[in-house]
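Given next are the chains, with one letter for each unit.
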Amino acid sequence: MESRKQRYTFKTCRNINHKSLYSLGAGFCARSICSTIMLPITLVKTRYPSQSMFTPRMEFDKTTNNTIFHTFRNVLKVNRRGLFSGLVPTILRDAPNSGLYICFYHTIKPSIMSLHDSYNTPVTLLNLLTGIIAGISATFLTHPFDMIKTQMQLNSSVASRV
């Protein structure tokens, strides 16, 4: 029985680092849930400072409308689902970003940690370097989705269609 399992694993998955794949999946799932829960807050945060730019001058009065509560209420007035506008691009950006970050981190960490043995480099510095490389790599790959998400949150005509 054991040889059959080893044979199956060897034939189908011989070059896959399972820890990296599990990390990718765990980061993807965790960030999808987190993004869905936090989306209304990030939407209000995105629209709050830009509300004065997109509201006609007559409708916008800084003394009465310049609060987070009013921004929240205005989003709900335009569209009940407005607080979740841009959910798909948010998940398409945040979930892969977190998944890729954790995957890259676990994949490159052994290589970078070998510097500790070779050059006696402090482990804290190597962990920092690993995180920086993983973060830059993940952000580089997912940045276009962040731009789409922000545009959808700012542009209510596009956001109401999604």
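Rules used throughout
Residues numbered from 1 in each chain as written. Predicted model: local features only at pLDDT ≥ 70, side-chain atom pairs only at ≥ 80, totals over all residues. Heavy atoms only, no water. Helix = DSSP H or I, 4+ residues; strand = E, 2+ residues; numbered from the N terminus. Buried < 20%, exposed > 50% of the residue type's maximum accessible area, 1.4 Å probe, protein only. Contact = heavy atoms within 4.5 Å. Areas by Shrake-Rupley, 256 points an atom, 1.4 Å probe, with all protein chains shown as cover. Patch = residues over 30% accessible without salt bridge, like charges linked within 9 Å, V, L, I, M, F, W, Y side chains within 5 Å. Salt bridge = Lys/Arg side-chain N within 4 Å of Asp/Glu carboxyl O. Expected span 1.5 Å × (residues − 1). Axes fitted to C-alpha atoms, helices over the stretch in contact; angles between N-to-C directions. Parallel < 35°, antiparallel > 145°, perpendicular 65-115°, else oblique. Left-handed = near helix turned anticlockwise from the far one by under 90°. pLDDT = per-residue confidence, 0-100.

Visitor: Give me the overall build of the protein: which residues, what numbers.
Guide: Broken down by element type, the protein carries 7 helices and 0 strands. Taken from the N to the C terminus, the helices and strands of the protein come in the order α-α-α-α-α-α-α. Across the 162 residues of the protein, 30% fall into the buried class. Considering only contacts within the protein whose residues lie at least 6 apart along the sequence, 75% involve residues at least 24 apart. Counting every atom, the protein has about 11,100 Å² of accessible surface; 65% of that belongs to carbon and sulfur.

Visitor: So what's going on with a nonpolar patch on the surface? Residues and values would help.
Guide: Taken together, the side chains of Ile33, Ile37, Met38 and Ile41 present a nonpolar region at the surface, about 410 Å² in accessible area. Among the secondary structure elements, Ile37 is positioned in helix 2 (residues 18–54).

Visitor: Please provide a residue-by-residue account of helix 5 (residues 87–119), values included.
Guide: Between its first and last C-alpha, helix 5 extends 46 Å over 33 residues, near the 48 Å set by a 1.5 Å rise per residue. Phi turns positive one or two residues past the end of helix 5, at Asn120, with a value near 60°.

Visitor: I'd like a description of the packing of helix 5 against helix 6 (residues 123–154), backed by residues and values.
Guide: For any two helices packed against each other, one specifies the crossing angle of their axes together with the interaxial distance. Interaxial distance between helix 5 and helix 6 falls to 7 Å at its minimum, and their mutual angle equals 165°. Considering their axes alone, helix 5 and helix 6 lie roughly antiparallel with respect to each other. Crossing of helix 5 against helix 6: the hand is right-handed.

Visitor: Could you give me a rundown of unusual backbone geometry, with the residues and numbers involved?
Guide: Backbone geometry at Asn120 places phi at a positive 60°, although glycine is not the residue there. Within the fold, Asn120 resides in the loop between helix 5 and helix 6.

Visitor: Could you give an account of the confidence of the model for the protein, with specific residues and numbers?
Guide: Put simply, the protein has an average pLDDT of 77, and 74% of its residues get 70 or more. Across residues 4–15, confidence stays below pLDDT 50; counting only partners more than four residues off in sequence or on other chains, it has 2 contacts. The model gives residues 157–162 a pLDDT under 50, and that stretch makes 7 contacts with residues more than four places away or in other chains.

Visitor: Explain the pattern of salt bridges residue by residue, including any values.
Guide: A side chain of one charge can pair with a side chain of the opposite charge if their charged atoms are brought near each other. For the structure on display, the rule yields 2 salt bridges. Here Asp94 and Arg31 are joined by a salt bridge, their closest N and O atoms 3.8 Å apart. With Asp94 in helix 5 and Arg31 in helix 2, the pair connects residues that are 63 residues apart, well separated along the chain. Asp94 serves as the salt-bridge partner of Arg93, at 2.4 Å between the closest nitrogen and oxygen. Each member of the pair, Arg93 as well as Asp94, carries the same accessibility label: buried. Beyond isolated ion pairs, a larger network of salt bridges with shared partners links Arg31, Arg93 and Asp94.

Visitor: Now, about the environment of Pro110: what can you tell me, with residues and values included?
Guide: Tracing the backbone through its elements, the reader meets Pro110 in helix 5. Using a relative accessible area of 53% as the deciding quantity, one classes Pro110 as exposed. Distance from Pro110 to Thr130, taken between C-alpha atoms, is 9.5 Å for residues 20 residues apart in sequence.

Visitor: Can you lay out the environment of Ile136 for me, pointing to particular residues and giving the numbers?
Guide: Mapped onto the elements, Ile136 comes out in helix 6. With 35 residues separating them in the primary sequence, Ile136 and Tyr101 have C-alpha atoms 8.6 Å apart.

Visitor: Quick rundown of the side chain of Ser35? Include the residues and the values.
Guide: Tracing the sequence through the fold places Ser35 in helix 2. Not counting residues up to four positions away in its chain, the partners in contact with Ser35 are Thr90, Ile91 and Asp94.

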